[in-house]
Amino acid sequence: MFKGIDYYDIESGLSPQARQVRDTVRAFVEQEVMPVIRDHYRAGTFPLSLVPRMAELGMLGAGLSGHGLPGIDSFAYGLMMQELERGDSGLRSFVSVQGALVMHPILTFGSAAQKERWLPLLASGRAIGCFALTEPDHGSDPAGMTCRAVQQGNGYLLNGTKMWITNGTIADVALVWAKLDGVIRGFLLERGAPGFSADEITGKLSHRASDTATLVLHDVPVPEANLLPGAHGLKCPLSCLNQARYGIAWGALGAAMACFEEVRSYTGKRQVFGRPLAAFQLTQAKLADMLTEITKGQLLALQLARLRDAGRLRPEQVSLAKRNNVRMALEVARTARGMLGANGITDWYQSMRHMCNLETVDTYEGTYEIHTLALGRDLTGLDAISEWKD
Ligand SMILES: Cc1cc2nc3c(=O)[nH]c(=O)nc-3n(C[C@H](O)[C@H](O)[C@H](O)COP(=O)(O)OP(=O)(O)OC[C@H]3O[C@@H](n4cnc5c(N)ncnc54)[C@H](O)[C@@H]3O)c2cc1C
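These remarks concern the structure in this document. Since this is a predicted model, take the numbers as computed values, not measurements. (Residues numbered from 1 in each chain as written. Predicted model: local features only at pLDDT ≥ 70, side-chain atom pairs only at ≥ 80, totals over all residues. Heavy atoms only, no water.)

1. Quick notes on the overall build of the chain
If you tally the helices and strands in the chain, you get 10 helices and 11 strands. Rg of the C-alpha trace for the chain: 21 Å, near the compact-globule value of 21 Å for 390 residues, within the 12% margin. The buried share among the 390 residues of the chain stands at 54%. Taking as baseline every contact in the chain between residues at least 6 positions apart, the subset at least 24 positions apart corresponds to 75%. For the chain, the computed accessible surface area is about 16,400 Å², with 54% contributed by carbon and sulfur atoms. Side chains of the chain give 39 positive and 40 negative charges; the mean places of these two sets differ by 4 Å. (Helix = DSSP H or I, 4+ residues; strand = E, 2+ residues; numbered from the N terminus. Rg over C-alpha atoms; globule rule 2.2 N^0.38 Å. Buried < 20%, exposed > 50% of the residue type's maximum accessible area, 1.4 Å probe, protein only. Contact = heavy atoms within 4.5 Å. Areas by Shrake-Rupley, 256 points an atom, 1.4 Å probe, with all protein chains shown as cover. Lys, Arg positive; Asp, Glu negative; His and termini not counted. Charge placed at Lys NZ, Arg CZ, Asp CG, Glu CD.)

Here is the structure:
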């Protein structure tokens, strides 16, 4: 059983709730994810059959409160993300999208009827959601989106294309961000709406166990009741992404831990020049560096959780942690891949799968560069990207 990495005794600060959540998700990943994830990654399929179990274990919308949702604290939620991504980034992404990017905006910006209808369905896994902000020509600059809604009768007509949408082909409801009279608004589009199609993006060398789609909207009629009444402007989808990035800062730690554990065990057994690989100073230096970076990342995430629960977390602090922890995990995964030698380029081991996944995690939810610019703006008061103003 995976034991995690805890060089600084973070375990001693766990609440009973956080320990229970961590142990439950850890056992789920060990028993139900690890036996199937390699085959899904090879086949390029999302393990849809795990969704009811994740719902049963309370993972969907776990960090949200009200409407019967569990409302677990930030530490417990972070550990849940860590454990899930220890299995595969695709699973953590699924849970992030469902909770932070679909249930959270419905809870925050939705009407009473929207909350009543969708939250129970999404929490129980009877419905799957996706969050459609990115377009083929607008990723880092979503303000430039060309997806448009126009008023028609008692509703709207939507036109445009969204790309790189996680859960896109399996979603029952898509939260599509589009401009209405020049203002970005959120619309709930249901599967099967006329003029609405979702096509799987093939050829991915990363996030292969995750569903990623292009959504095409051609004169899609959307009733007035499906507009999120409380969402006006880019700050709304960005605030959702901020929630999801919090989970990513923790999730990346799980991927890094998986790689570290794999290579620590491997180098103890692998004989080179008549001795275990772990006996050589260069190997020990790599292990010491990996452990140090993972531990620093854990302490960042831990303080992030404290600030979040105290209601004092700033988006820039989330940017710093997402930027650091994902890049750190990517470096750990690359180093681990190398230490596995030729074995490391296969899927007999996990490190290269995590490494490939982390390339996506480094890109989505704000690239490394975009979070650098967010920090730069915070530090200097000078905005390198004027379009951020909304
Ligand atoms: C597997 C996967 C799943 C995804 N899931 C979702 C989803 O569910 N919903 C969704 O809406 N989107 C999703 N995305 C999209 C993701 O958020 C975007 O890919 C991301 O925002 C980057 O946009 P882009 O790919 O268009 O890159 P671009 O914006 O074209 O950027 C290209 C490069 O230029 C750099 N760059 C951009 N601007 C600057 C600048 N001002 N200065 C210096 N460098 C800059 C970037 O950092 C990057 O390195 C997903 C992406 C992937 C790969």
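2. Some words on the site of the ligand
Near the ligand, the surroundings consist of 17 residues, among which Thr134, Ser140, Trp164, Thr367 and Glu369 are the closest. Gly139 places a main-chain nitrogen or oxygen 3.5 Å from an oxygen atom of the ligand. Within the backbone of Trp164, one N or O atom sits 2.7 Å away from a nitrogen atom of the ligand. Across the complex, the protein chains shield 66% of the 980 Å² of accessible surface that the ligand would expose by itself. (Near = heavy atom within 4 Å. Polar contact = N/O pair within 3.5 Å; in protein donor to acceptor, adjacent residues only side chain to side chain.)

3. Side note on the packing of helix H6 (residues 235–269) against helix H8 (residues 315–339)
Two quantities define a packed helix pair, namely the angle between the helix axes and the distance between the axes. Following both chains from N to C, one finds H6 and H8 inclined at 20°, their axes separated by 8 Å at the closest point. Put simply, H6 runs roughly parallel to H8. In this structure, the crossing between H6 and H8 has a hand that is left-handed. For the contact of H6 with H8, the per-class residue count stands at 20 nonpolar, 3 polar and 2 charged. (Axes fitted to C-alpha atoms, helices over the stretch in contact; angles between N-to-C directions. Parallel < 35°, antiparallel > 145°, perpendicular 65-115°, else oblique. Left-handed = near helix turned anticlockwise from the far one by under 90°. Nonpolar A, V, L, I, M, F, W, Y, C, P; charged D, E, K, R; others polar.)

4. Regarding the environment of Gly160
Relative to the assigned elements, Gly160 resides in strand E5 (residues 155–166). Each C-alpha atom, one on Gly160 and one on Val33, is 36 Å from the other, the two residues being 127 residues apart in sequence. Setting aside residues up to four positions removed in sequence, Gly160 forms contacts with Cys147, Leu215, Val216 and Leu217.

5. Focus: the nonpolar core
Across soluble globular proteins, nonpolar side chains show a tendency to be buried alongside one another. Among the nonpolar cores identified, the biggest contains 103 residues, and Met54, Met80, Leu84, Phe94, Trp177 and Trp250 are the most heavily contacted of them. Here this core gets 17 residues from one element, more than from any other, and that element is H6. Setting aside chain neighbours within four positions, we find Leu84 in contact with Val25, Phe28, Val29, Met54, Met59, Leu91, Arg92 and Val95. Membership of the second largest hydrophobic core comes to 22 residues, among which are Cys130, Ala149, Ala178 and Phe187. (Core = buried A, V, L, I, M, F, W, Y, C linked by side-chain atoms within 4.5 Å.)

6. As for the environment of Pro276
Within the secondary structure, Pro276 is located in strand E11 (residues 275–276). By relative accessible area, which is 27% here, Pro276 ends up partly exposed. It is 61 Å that separates the C-alpha atoms of Pro276 and Gly195, two residues lying 81 residues apart in sequence. Beyond its immediate chain neighbours, meaning those up to four positions away, Pro276 contacts Thr267, Gly268, Arg270 and Gln271.

7. Notes on the packing of aromatic side chains
Each aromatic ring pair is summarised here by two numbers: the centre-to-centre distance and the angle between the ring planes. Taken as a whole, this structure holds 7 aromatic pairs when the rule is applied. Consider the rings of Tyr77 and Tyr246, whose centres lie 6.3 Å apart with planes at 15°: the pair is stacked. You can see Tyr77 sitting in helix H3 (residues 74–87) and its partner Tyr246 sitting in helix H6, a full 169 residues away along the chain. There is no split in this pair, since Tyr77 and Tyr246 are both buried. The ring of Phe280 carries the charged tip of Arg275 above its face, separated from the ring centre by 4.5 Å. The lysine or arginine in question, Arg308, covers the ring of Tyr246, its NZ or CZ lying 4.3 Å from the ring centre. (Phe/Tyr/Trp six-rings, centres within 6.5 Å; stacked < 30°, edge-to-face > 60°. Lys NZ or Arg CZ within 6 Å of the ring centre and 35° of its normal.)

8. Structural notes on the pattern of salt bridges
Evaluation of the coordinates by the stated rule reveals 21 salt bridges. Ionic pairing is found between Glu135 and Lys162, a salt bridge with its closest N-O pair at 3.0 Å. On the criterion of sequence distance, the pair formed by Glu135 in the loop between strand E3 (129–132) and strand E4 (148–152) and Lys162 in strand E5 is long-range, its members being 27 residues apart. Neither Glu135 nor Lys162 differs from the other in exposure class; each is buried. Put simply, Asp383 and Arg377 hold a salt bridge, and the shortest N to O gap is 3.6 Å. Classification of Arg377 by relative accessible area gives partly exposed; the value is 28%. Linked through salt bridges whose partners overlap, the residues forming this network are Glu11, Arg19, Arg22 and Asp23. (Salt bridge = Lys/Arg side-chain N within 4 Å of Asp/Glu carboxyl O.)

9. Quick look at the environment of Ser206
Tracing the chain through its elements places Ser206 in the loop between strand E8 (196–200) and strand E9 (212–223). The buried category is assigned to Ser206, whose relative accessible area is 12%. With residues up to four places along the chain from it excluded, the contact list for Ser206 reads Tyr41, Cys356, Asn357 and Thr360. Separated by 2.5 Å, the side chain of Ser206 and the backbone oxygen of Cys356 make a polar contact.

10. Notes on the state of the cysteines
Here the structure, examined in full by the defined rule, presents 0 disulfides. Cys356 supplies the cysteine sulfur nearest to Cys259, a cysteine that is in no disulfide, at a spacing of 10 Å. (Disulfide = S-S within 2.5 Å.)

11. Let's talk about unusual backbone geometry
Backbone geometry places Asp219, a non-glycine residue, at a positive phi of 50°. Mapped onto the elements, Asp219 comes out in strand E9. Overall, the relative accessible area of 40% leaves Asp219 in the partly exposed class.

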